[in-house]
Amino acid sequence: MTTVILMDKRLRFPNPKLANAEGLVAVGGDLSVRRLLLAYRSGIFPWTAEPVSWWSPDPRAVFELDGFHVSRSLAKVIRKGALEITLDRAFRHVMEACAAPARGRRTTWISPEFIAAYTELYKQGHAHSLECWRAGELVGGVYGVAIGGLFAGESMFHRASNASKVALFHLIQHLKERGFVLFDIQMLTPATKALGGVTIPREEYLRRLAEAVQKPCSF
């Protein structure tokens, strides 16, 4: 039985390979920029704020950048170009939209503490968003954390049909153009699986992560 480690004020993390069966690595600490960046570099991410819990599941879900599935209907929507695509124009609004109640979801892990912490990451140039607009209204988007050649996708939303899928498509095109090599999506869901998301062993993820964060990529 794995014992979950309690974090203190020191800026360090346990080996993610010591996570319990559910992927929980440690509990405690804070959501400071320095700790968040160290977590992502270590293959760990936070999931709750009170207390802060740190996770590294096995297997790990990713989008292979050449494996994103574009259905015929999605390709048609993309070709129409009805949505305006922007980068980093409305980061906090994207987070707040991801946290808002939606059909089939009454609660969210994106608490006010997370919004404040990741907005600070954004202000310091480490977190980014891609937005979809229609007639001046924000109708879809995705946000995450970028370190070197890693993009750690956090959440996405849509208020118009296919808007989150369009956002992911354009995000992946952007990451490929900028030389990114690893798109982490943490855990696979039916929606991301349908779009081509796959799982890989944590050990493989950590190996690829170590190489990715060393790449001199700029979002």
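On a predicted model such as this, the values are computed, not experimentally measured, just so you know. (Residues numbered from 1 in each chain as written. Predicted model: local features only at pLDDT ≥ 70, side-chain atom pairs only at ≥ 80, totals over all residues. Heavy atoms only, no water.)

## Describing the sheet that holds strand β1 (residues 5-6)
No. 1: What the 4 strands build is an open sheet, ordered β1-β2-β4-β3; its pairing is mixed. For this open sheet the edge positions go to β1 and β3 (45-49), each flanked by a neighbour on one side alone. (Pairing = 2+ DSSP bridges. Helix = DSSP H or I, 4+ residues; strand = E, 2+ residues; numbered from the N terminus.)

## Points about the nonpolar core
No. 1: Ranked by internal contacts, the top residues of the largest apolar core, which has 48 residues, are Trp-54 and Tyr-118.
No. 2: For this core, the element with the most residues is helix α3 (residues 91-99), which contributes 6 residues.
No. 3: Phe-151, Ala-167, Leu-171 and Ile-185 belong to the second largest nonpolar core, which has 27 residues in total. (Core = buried A, V, L, I, M, F, W, Y, C linked by side-chain atoms within 4.5 Å. Buried < 20%, exposed > 50% of the residue type's maximum accessible area, 1.4 Å probe, protein only.)

## A short note on the packing of aromatic side chains
No. 1: Applying the stated criterion across every chain yields a total of 11 aromatic pairs.
No. 2: Measuring from ring centre to ring centre gives 6.4 Å for Tyr-118 and Tyr-143, while their planes differ by 75°; the resulting arrangement is edge-to-face. Of the two residues, Tyr-118 sits in helix α4 (residues 112-123) while Tyr-143 sits in strand β8 (residues 137-147), which places them 25 residues apart along the sequence. As far as burial versus exposure is concerned, Tyr-118 and Tyr-143 are alike and both buried.
No. 3: Grouping aromatic residues by their ring pairs yields a cluster made of Phe-63, Phe-68, Phe-151, Phe-180, Phe-183 and Phe-219. (Phe/Tyr/Trp six-rings, centres within 6.5 Å; stacked < 30°, edge-to-face > 60°.)

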